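Secondary and tertiary structure notes
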Amino acid sequence: MAHLDRYKLFFEASTDAMLTIQDDCFVDCNNAALEMLGLSDKQSLKNLHPGDISPPRQPDGRLSFEKAGEMINKAFDNGTHRFEWVHCRGNGDEFAVEVVLISEKSSQGNFLHVVWHDLSARHALEAALWEAKLLGEAVNQSGASTLITDVEGRIEYANAAFCEINGYQLDEVIGQTPGLLNSGQQDPAFYEDMWQVIKAGETWSGTLRNVRKNGEPYWARLKISPVKDETGKVIKFVGIETDISDFIEAKEKAEQASRAKSDFLSSVSHELRTPLNSILGFSQLIALNKTHPVSERQRTQLDHIHNAGTHLLHLIDEVLDLAKIEAGKMAYRIEKIEINDILNDCLTYIDTAHKEMNVSLHDETFKPLPCIKADGMRVRQVLLNLLSNAKKYNRKGGMIRVRSEQLDNGYLRIVVEDTGYGIPYELQDQIFQPFNRLGAERLDVEGAGIGLVLTKKMIEEMSGHIGFSSVEGEGSSFWLDFIIAEEIKPVFDPIHIERSDYMLSCCAAKHTILYIEDNPLNRELMDGFVSEIPNLDMVMATTAEQGIEMAKVRKPHLILMDINLPGMDGFQAFQKLREMEETMKIPVVALSANAMPDAIEKAGQIGFQDYITKPFMLDDVMKVLDKHIEN
């Protein structure tokens, strides 16, 4: 009896969960077991089978009731049995235990004494160790170079990728510092900044030029993170490095290709603009001739020459605009403008173009159209692109309808419909691809295949939209959506050559300009323009060197200078002029067929007062003279 009392006392006081099973059910348990199960009293456990407080299946997939009976039988057969088991707490949470079963046979029946050891902490530790092992293996097998150093920067660990990328054996780097990768291309301040950041417990990241064991330099992207103990003290540094040499090389090649494209476009633009300067300039001079005035018929013909030259100039500008958009250098002046006059100008221009097509043009827009919020020059450009396409790709004797709609979302829609050949359905998803004419080159129609690309990019930059529908054999409909505004702004005058009297507001007395230009036709054109302006004389030089000497002697009120000069170019000549006391204060205006943004930007940066792009008109010259010649 005393033996039983001592056992009962031990049973109740034990910190291990202890239970008793009779006839395959629990008949008693101690407080430790109740606490582990999350139960409040023994009655809630009494007469339950072990499978009742277990999940339906054990981790090996077997049914808990079936396996529990097997474990009980083994304990009675062998006297004891030890195994792992998963039980459920009162709230449904599962927990793992090590179970020890000890059988006892007495006159009162057969019993099993049960002891549970909670395995949660051990399993958590095993899982953490397994995860750490997996993480370590992942780091070791990673393609990213990884280092672990102590707080002094001495290497304690390097993965296989570090050794492979840098050409070292592991025993060659352990105990060394990452300074063995120093290429000497970063100054000491670079590394000092790095150390200040990571010693302060913060992460540092950046790009640097390292060197491999064989002396080969390479570009790397490096991230260093501090490892802290429970007090927040930095105890280690982990560095992850990625070789980005291929990326840098590809980037440099892309930049080189971009520069080559810009150079090519600049050259093409220059070569085409130079003869256009003569075509447009001399046609204007003929129209302005007071001594031998032209007839109305001749004036109309000159207008045709002028408009054709302007159209060619627009084609050149389209190629340059595409380059500007791709480079993110296209400038927009968004303001509230009146679209009525712009649309009328475009319709007038398109009506006179391609007369041989005999295409009728019908303006069905409601009047007056509301003001829109956009860039006036770009609006003209996108409308002309759609109207030009509608006429060029139409049938002879076909029709163009231009309609307008005021949408509920605050947009004005301009719709251009044609009765042309339409676009095959299978090609419609390529409509906005640059230089893709969708087979139109077989129709002997002029074009470069970039008009719609530019139109889409421009309208979207103005927060508008473009859309289309097309049926092969019937025609196409393209539309542009512009944001509706309120205030009316003045727009550009229509293209038409008018004879007028030109008078400089600054030239009540005689003034002299110096024009430095190697092209004889450009000199003759400028001479013709200047002859139309009272109280203005011009002297000319054909080289930069000659122009500099003339500027010193004649001291002109303004210098117009070509950039692309033989020998010393216009940029070098400008620097010389600024270095000499006699010429340093004379305003200098660049005049060039190079319309690339980089050239214009460079001219402004070094100090040119203005930049005139060829082909230039008399009005262009007048504006510059009025702006820069002082009284």
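Below is a summary of the structure that appears in this document. (Residues numbered from 1 in each chain as written. Predicted model: local features only at pLDDT ≥ 70, side-chain atom pairs only at ≥ 80, totals over all residues. Heavy atoms only, no water.)

**Quick notes on the overall build of the protein**
Scanning the protein from N- to C-terminus turns up 17 helices and 22 strands. For the protein, buried positions account for 45% of its 631 residues. Relative to all contacts within the protein whose residues are 6 or more apart in sequence, the contacts with residues 24 or more apart total 61%. In the form shown here, the protein has an accessible surface area of approximately 33,400 Å², with 52% of it arising from carbon and sulfur atoms. (Helix = DSSP H or I, 4+ residues; strand = E, 2+ residues; numbered from the N terminus. Buried < 20%, exposed > 50% of the residue type's maximum accessible area, 1.4 Å probe, protein only. Contact = heavy atoms within 4.5 Å. Areas by Shrake-Rupley, 256 points an atom, 1.4 Å probe, with all protein chains shown as cover.)

**Observations regarding helix H10 (residues 339–352)**
Between its first and last C-alpha atoms H10 spans 20 Å; for 14 residues at 1.5 Å apiece the expected length is 20 Å, and the two agree. Inspection of H10 places Ile339, Asn340, Ile342, Leu343, Asp345, Cys346, Leu347 and Ile350 among the buried residues, and these make up the whole buried set. (Expected span 1.5 Å × (residues − 1).)

**Things to note about the sheet that holds strand S7 (residues 155–158)**
If you walk across this open sheet you meet the five strands as S7-S6-S10-S9-S8, and the pairing is antiparallel. Only two strands of the sheet have a single partner each, and these edge strands are S7 and strand S8 (204–211). Within this sheet the neighbouring strands show an average axis-to-axis angle of 25 degrees, counted without direction. Direction of pairing for strand S9 (residues 217–228) relative to strand S10 (residues 234–243): antiparallel, over a ladder of nine bridges. (Pairing = 2+ DSSP bridges. Axes fitted to C-alpha atoms, helices over the stretch in contact; angles between N-to-C directions.)

**Regarding the nonpolar core**
Ile339, Ile372, Val379, Leu383, Ile414, Leu480 and Phe482 are the most contacted members of the largest nonpolar core, which has 36 residues in total. Taken together, the elements giving at least two residues each to this core come down to H10, strand S13 (372–374), helix H11 (376–392), strand S14 (399–406), strand S15 (411–418), helix H12 (451–461) and strand S17 (475–483). The greatest single-element share of this core, amounting to seven residues, is contributed by H11. In this structure isoleucine 372 touches Glu335, Lys336, Ile337, Ile339, Val379, Leu412, Phe482, Ile483, Ile484 and Ala485, once residues within four positions along its chain are discounted. The next biggest cluster of nonpolar side chains, apart from the first, holds 25 residues, and it includes Ala544, Ile548, Leu577 and Tyr611. (Core = buried A, V, L, I, M, F, W, Y, C linked by side-chain atoms within 4.5 Å.)

**Describing a nonpolar patch on the surface**
On the surface, a nonpolar cluster with roughly 260 Å² of combined accessible area is contributed by Phe264, Val268 and Leu272. By the secondary structure assignment, leucine 272 is in helix H8 (residues 245–288). (Patch = residues over 30% accessible without salt bridge, like charges linked within 9 Å, V, L, I, M, F, W, Y side chains within 5 Å. Salt bridge = Lys/Arg side-chain N within 4 Å of Asp/Glu carboxyl O.)

**Quick word on the environment of aspartate 118**
Mapped onto the elements of the fold, aspartate 118 is located in strand S5 (residues 109–118). As a C-alpha pair, aspartate 118 and glutamate 98 span 20 residues in sequence and 6.6 Å in three-dimensional space. Filtering out sequence-adjacent residues up to four positions away, aspartate 118 remains in contact with Met36, Arg89, Ala96 and Val97.

**Notes on the pairing of strand S20 (residues 558–562)**
Among the five residues that make up S20, five are buried, leaving the element largely enclosed by the rest of the structure. By the alternation rule, side chains of S20 split into Leu558, Leu560 and Asp562 and Ile559 and Met561, which are all buried. Pairing between strand S18 (residues 511–516) and S20: four bridges, direction parallel. Looking across to S20, one finds that isoleucine 516 is bridged to methionine 561. Assessed by its sense of winding, the connection that carries the chain from S20 through helix H15 (residues 570–579) to strand S21 (residues 588–592) is right-handed. (Right-handed = clockwise from strand over helix to strand, strands pointing away.)

**Observations concerning the packing of aromatic side chains**
Throughout the structure, instances matching the rule amount to ten aromatic pairs. Seen in terms of ring centroids, phenylalanine 468 and phenylalanine 478 are 5.3 Å apart; in terms of plane orientation they differ by 15 degrees. Their pairing is stacked. Linking phenylalanine 468 in strand S16 (residues 465–471) with phenylalanine 478 in strand S17, this pair joins segments that are ten residues apart in sequence. Phenylalanine 478 sits in the buried class, given a relative accessible area of 10%. Linked through ring pairs, Phe26, Phe95 and Trp116 together constitute an aromatic cluster. (Phe/Tyr/Trp six-rings, centres within 6.5 Å; stacked < 30°, edge-to-face > 60°.)

**Some remarks on the pairing of S14**
The sheet contact formed by strand S12 (residues 360–363) and S14 spans four bridges and is parallel. Paired with aspartate 363 across the bridge in S14 is valine 402. As judged from the seven bridges shared by S14 and S15, these two strands associate in the antiparallel manner. Note that in S15 the partner of isoleucine 400 across the bridge is aspartate 418.

**With respect to the sheet that holds strand S1 (residues 17–22)**
Judged by pairing direction, the sheet is antiparallel, and its five strands sit side by side in the order S2-S1-S5-S4-S3 without closing on themselves. The sheet terminates laterally at strand S2 (25–29) and strand S3 (80–88), the two strands that pair on one side only. On average, each strand axis in the sheet is tilted by 35 degrees relative to the strand beside it, whichever way the strands run. Contacts from helix H3 (residues 64–78) reach S3, strand S4 (94–106) and S5 within the one sheet, and its direction differs from that of S3 by about 160 degrees.

**Brief notes about the side chain of threonine 149**
Of note, threonine 149 is situated in strand S6 (residues 145–149). By relative accessible area, threonine 149 is classed as buried at 6%. Those residues in contact with threonine 149 that lie beyond four places of it in its chain are Arg154, Ile155, Glu156, Pro178, Lys236 and Phe237.

**Comments concerning helix H13 (residues 520–531)**
If you check H13, its first and last C-alpha atoms are 16 Å apart, about what twelve residues at 1.5 Å a residue would give, namely 16 Å. Along H13, the residues classified as buried are Asn522, Arg523, Leu525, Met526, Gly528, Phe529 and Val530.

**Notes on the side chain of glutamate 241**
Turning to its location among the elements, glutamate 241 is positioned in strand S10. Buried charge without a partner: glutamate 241 forms no salt bridge, and the closest opposite charge is arginine 212, 7.0 Å away. At 2.6 Å, the side chain of glutamate 241 forms a polar contact with the side chain of asparagine 210. For glutamate 241, the side chain forms a polar contact with the side chain of tyrosine 218, separated by 3.0 Å. (Lys, Arg positive; Asp, Glu negative; His and termini not counted. Polar contact = N/O pair within 3.5 Å; in protein donor to acceptor, adjacent residues only side chain to side chain.)

**Some remarks on the packing of helix H14 (residues 544–554) against H15**
Direction vectors running N to C along H14 and H15 enclose 25 degrees, while the axes themselves pass 10 Å from each other. Judged by the angle between their axes, H14 and H15 are roughly parallel. The hand of the H14/H15 crossing is right-handed. Along the contact surface, H14 presents Ala544, Ile548 and Ala551, while H15 presents Ala573, Lys576 and Leu577. Here the contact of H14 with H15 is composed, by residue class, of five nonpolar, no polar and one charged. (Parallel < 35°, antiparallel > 145°, perpendicular 65-115°, else oblique. Left-handed = near helix turned anticlockwise from the far one by under 90°. Nonpolar A, V, L, I, M, F, W, Y, C, P; charged D, E, K, R; others polar.)

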